[in-house]
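# Notes for the structure review
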Amino acid sequence: MKRRNVLVVDDEPVSRRSCEKVLIRHGYDVITVNSGQQALDRLAEEGFDLIITDLKMAGLGGMQLIERIKGICPRTPIVVISGYITRDIIAEVLGQGVKTFVPKPFTTDELLSAVGKALGATRPDGSDEAS
Amino acid sequence: MASGDVSMWYKSLSFKLIFSVCMITLFVVGFSTTITLNAQRADLIREIVRASTRITDTVRGSTRYAMLKDDRESVHRSIVAIGAQPGIEKVRVFNKEGEIMFSSDAEDIGRRVDKTAEACYACHAPEKPLEKLDTPERTRIFQAKEGYRVLGMINPIYNEPDCYTPACHAHPKEQKVLGVLDVTMPLEEIDREIADRRRELIIFAVASILLLSTILGLVLMRSVYRPLKELLTATERVAAGDFDVEIHVSGSDEISTLGRSFNKMTGDLKVASRELKQWGKTLEQRVEEKTAELQRTQRQLFHAERMASIGKLAAGIAHEINNPLTGVLTSGQLLLDDCPPDSPDHEDLETIVNETLRCRRIIRGVLDFARQSAPEKRRMRISPVIATTLAFLEHQASFHNIEIIQDIQEDMPHVLIDKDLIQQVFTNILVNASEAMKEVGTLTITADYRPESDQVRVCISDTGCGIPEEDLPKIFDPFYTKKEMGTGLGLAISYGIIAEHGGTIDVQSEPGKGTTFTISLPRASEKETAPAEREGGEKST
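Note that the structure is a prediction, hence the values are computed from the model and not measured. (Residues numbered from 1 in each chain as written. Chains lettered and ligands numbered in written order. Predicted model: local features only at pLDDT ≥ 70, side-chain atom pairs only at ≥ 80, totals over all residues. Heavy atoms only, no water.)

## Here's the deal with the overall build of chain B
When you go through chain B residue by residue, the secondary structure sums to 13 helices and 12 strands. In chain B, buried positions account for 36% of the 541 residues. Sequence separation of at least 24 residues holds for 66% of the intrachain contacts in chain B that already meet a minimum separation of 6. Total accessible area computed for chain B in this model is approximately 32,300 Å², and 57% of it derives from carbon and sulfur atoms. (Helix = DSSP H or I, 4+ residues; strand = E, 2+ residues; numbered from the N terminus. Buried < 20%, exposed > 50% of the residue type's maximum accessible area, 1.4 Å probe, protein only. Contact = heavy atoms within 4.5 Å. Areas by Shrake-Rupley, 256 points an atom, 1.4 Å probe, with all protein chains shown as cover.)

In structure tokens:
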């Protein structure tokens, strides 16, 4: 089976690194970027099976990024990781069609479970319906 | 006051009345007595004058013949005989020259009297002597030598044809008056009688005045003075604030009417005073209640403000340490996955992971506490929220040995609440209760509507260890905990949630006996009812 490739967007190096290590250990291909703009640049180059993004970032914030991703690859599942999950933010994210949240700090199981759940919504080969 | 009464006695109403009546009585009795006495005296005098007239006529008649015959001895005897009659002082006959020709008093005979004497004055006072006199002018009253009064009556003896025609007589024809017959009668007895009458009348007047004064005084004393004095005393007592005073009233006169009016007035005053006092008391109570309410609100505001400050600070810190904790947690777990269970590092790595998870719990609690978003309130009843919370907890092992008693009022008014948040509050308190009872005991949950405060009240009581009095003010403070694994945020969060709903949360506790948490939430107003009911209905089903 083709390895799933995951784009991790987070301006916090520790958090970014943690995601990368856990996912690689469990058989995912991981690309990490430290800003929303970098993520958009990367998405312009290649497609991903899953995008994991923080919300609170300098420059292009998580919410704007999600909005933009919906325009580029609307079928790609998104997992939100954030240390600042409030009801208002959840409501806003829900409005963008994102269904999976992982509040920081998370355990490896929580991250993997969320990733698995998000990917389950896509076809087993990991290809994007839109692409 | 008493000395004033004594010194001013002459100004009293009784004295004025009695004095006036005495004066009127004195005047009336005196006037009538005087008139009566004068009338009686005049009557008596008239009687005497009539008697004198009769006597003089009798003397004239009885001596006429003897005089015509010039039988002087016979005239003398007749006069002496008549003069000896009781009630006659003297009977005398004067000739024209004033010489007493005959007299019942022998000593007077031959004496000559002056024409200015009291017997002659009536005729001889004018320049030309009168020849004819009316009866009143013929009488005179004068003082006798002995001191008593005497009434005298003269009767002129006119020259008649019989007197100057016989040859024996020397009276010339031209002479009109031959002499005067003078009869005097003592008035001593009459005067005594008049004096007696006067004395009797005076005694009668004095007695009348005394009797009238006494009767009037008694009547005034009984009907006016005593009731007025009682009224005065009662008025003073009422003025001093004693409204229990009541005047004894009998009869139907003006004073009695006044007394009844006074009693009614005092009664009304008593009622008014009692109402006033009651109002004052109620007002005082209301002020005290409002003051206590204000103080409680102030304390809660202060508490809420303090917690909000602490919460904001804690939330800021929590957000900042979430990212490093993510690194610690995931790295720890990856290392633990790589570390065999028999490795000496395994336990340390477990500690790292577990303590990081504990830190995460604390941080999530802080974030809950510092939640900035508004709760999503819906109009609903509190009872299903209680039921849902209990249904969830009852299945947990820690509640298996706890007896749960519920007393939930039916049809309580709706409240405007965020169901999840209120459920979180109930869960916090119930879990605390379970821990305080060491998972064995009785939990009592009561819920009712309190009309006086227009609030729905939920009381949760346990039979646990209780909270020491000195700790009670701190239990809602963030990070205050006595539990080994507690975050100290459960009650602080609960406090914040209830405050956000416009309600209050209070605690009463007795160490060793148990603790009661009382949550009061305002009833949803009618204004909030219509739209909220639809939403709430949709949401709650």
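## Details of the packing of aromatic side chains
Residues and elements named next belong to chain B. Taken as a whole, this structure holds three aromatic pairs over all chains when the rule is applied. A centroid spacing of 5.1 Å and a plane angle of 50° characterise the contact between F476 and Y495, whose relative ring orientation is tilted. With F476 in the loop between β10 (455-462) and α12 (490-500) and Y495 in helix α12, the pair connects residues that are 19 residues apart, well separated along the chain. Residue classification places Y495 among the buried positions, given a relative accessible area of 7%. Among the residues examined, F476 registers a relative accessible area of 8% and is labelled buried. By the ring-pair criterion, three or more aromatic residues cluster together here, those being F476, Y495 and F517. (Phe/Tyr/Trp six-rings, centres within 6.5 Å; stacked < 30°, edge-to-face > 60°.)

## Looking at the sheet that holds strand β7 (residues 402-408) of chain B
Residues and elements named next belong to chain B. Spatial ordering of the open sheet is given by β7-β9-β10-β12-β11, a layout of five strands whose pairing is mixed. Here the strands that pair on one side only, and so sit at the sheet edges, are β7 and β11 (504-510). For this sheet, the mean inter-axis angle between neighbouring strands, taken without regard to orientation, is 15°. Of the strand pairs in this sheet, β11 and strand β12 (residues 514-522) are connected by seven bridges, and their pairing is antiparallel. Bridging from a neighbouring strand, I505 pairs with I519 of β12. Strands in contact with α12 are β11 and β12; relative to β12, the strand with the most contacts, it is inclined by about 25°. (Pairing = 2+ DSSP bridges. Axes fitted to C-alpha atoms, helices over the stretch in contact; angles between N-to-C directions.)

## Some words on the interface of chain A and chain B
Listed as interface residues are 18 residues of chain A and, on the opposing side, 24 residues of chain B. Carbon and sulfur atoms make up 54% of the area that chain A and chain B hide from each other, which totals about 2,000 Å². Linking chain A with chain B are two salt bridges, by the criterion used here. For the salt bridge of A:E110 with B:R360, the shortest nitrogen-to-oxygen distance reads 2.6 Å. Within the residue set of the side of chain A that touches chain B, elements represented by two or more residues are α1 (13-25), α4 (87-95) and α5 (108-120) of chain A. Here the element with the most residues in the side of chain A that touches chain B is α1(A); it accounts for six residues. Among the residues making up the side of chain A that touches chain B, the classes are represented as six nonpolar, five polar and seven charged. (Buried area = accessible area lost by both parts, 1.4 Å probe. Salt bridge = Lys/Arg side-chain N within 4 Å of Asp/Glu carboxyl O. Nonpolar A, V, L, I, M, F, W, Y, C, P; charged D, E, K, R; others polar.)

## A word on the pattern of salt bridges
Residues and elements named next belong to chain B. Across all of its chains, the model carries 32 salt bridges over all chains by this definition. The closest approach of N and O atoms between R358 and E355, which form a salt bridge, is 3.7 Å. Note that R358 and E355 are positioned in helix α9 (residues 344-369) at a spacing of three residues, about one turn of the helix. With a relative accessible area of 27%, R358 lands in the partly exposed category. Residue classification places E355 among the partly exposed positions, given a relative accessible area of 39%. Via salt bridges that share partners, K90, R92, D105, D108, R111, R140 and D182 belong to a single interconnected network.

## Thoughts on a nonpolar patch on the surface
A cluster of nonpolar side chains, B:I24, B:F27, B:V28, B:F31 and B:I35, forms an exposed patch at the surface whose accessible area comes to about 540 Å². Tracing the chain through its elements places B:I35 in helix α2 (residues 13-68). (Patch = residues over 30% accessible without salt bridge, like charges linked within 9 Å, V, L, I, M, F, W, Y side chains within 5 Å.)

## Thoughts on unusual backbone geometry
Cis geometry marks the peptide bond from A:K104 to A:P105; its omega dihedral reads -10°. Within the secondary structure layout, A:P105 lies in the loop between β5 (100-103) and α5. Residue B:E439 is not a glycine yet carries a positive backbone phi of 70°. If you trace the backbone, B:E439 turns up in the loop between α11 (419-436) and β9 (441-450).

## Things to note about a negative patch on the surface
Side chains of A:D88, A:E92, B:E376 and B:D420 sit close together on the surface and give a patch of like negative charge. Inspection of the secondary structure assignment puts B:D420 in helix α11. (Lys, Arg positive; Asp, Glu negative; His and termini not counted. Charge placed at Lys NZ, Arg CZ, Asp CG, Glu CD.)

## A look at the packing of α1(A) against α5(A)
All names here are of chain A. In the contact formed by α1 and α5, the axes pass within 10 Å of each other and the chain directions differ by 70°. On the basis of the axis angle, α1 is roughly perpendicular to α5. Here α1 and α5 pass one another in a crossing that is right-handed. Here C19, V22 and L23 of α1 come into contact with α5, specifically with T108, L111, L112 and V115. Partitioning the contact of α1 with α5 into residue classes produces six nonpolar, one polar and no charged. (Parallel < 35°, antiparallel > 145°, perpendicular 65-115°, else oblique. Left-handed = near helix turned anticlockwise from the far one by under 90°.)

## Concerning α2(B)
Residue and element names in this part refer to chain B. Its 56 residues give α2 an end-to-end C-alpha distance of 80 Å, which sits within 8% of 82 Å, the value for a rise of 1.5 Å per residue. At S62, α2 shows its largest bend, some 30°. Of the residues flanking the end of α2, it is D70, one or two places downstream, whose phi is positive at about 60°. (Expected span 1.5 Å × (residues − 1). Bend = angle between axes of the 7 residues up to and from the residue.)

## Describing the nonpolar core
In globular proteins that are soluble, nonpolar side chains generally tend to be buried together. All names here are of chain B. I382, I422, F426 and L430 are the most contacted members of the largest nonpolar core, which totals 45 residues. Among the elements that line this core, the one with the most residues is α11, at seven residues. Residues within four places of L430 in sequence aside, it is in contact with T389, L390, L393, F399, L443, I445 and I460. The next biggest cluster of nonpolar side chains, apart from the first, holds 24 residues, and it includes V49, A51, A66 and L187. (Core = buried A, V, L, I, M, F, W, Y, C linked by side-chain atoms within 4.5 Å.)

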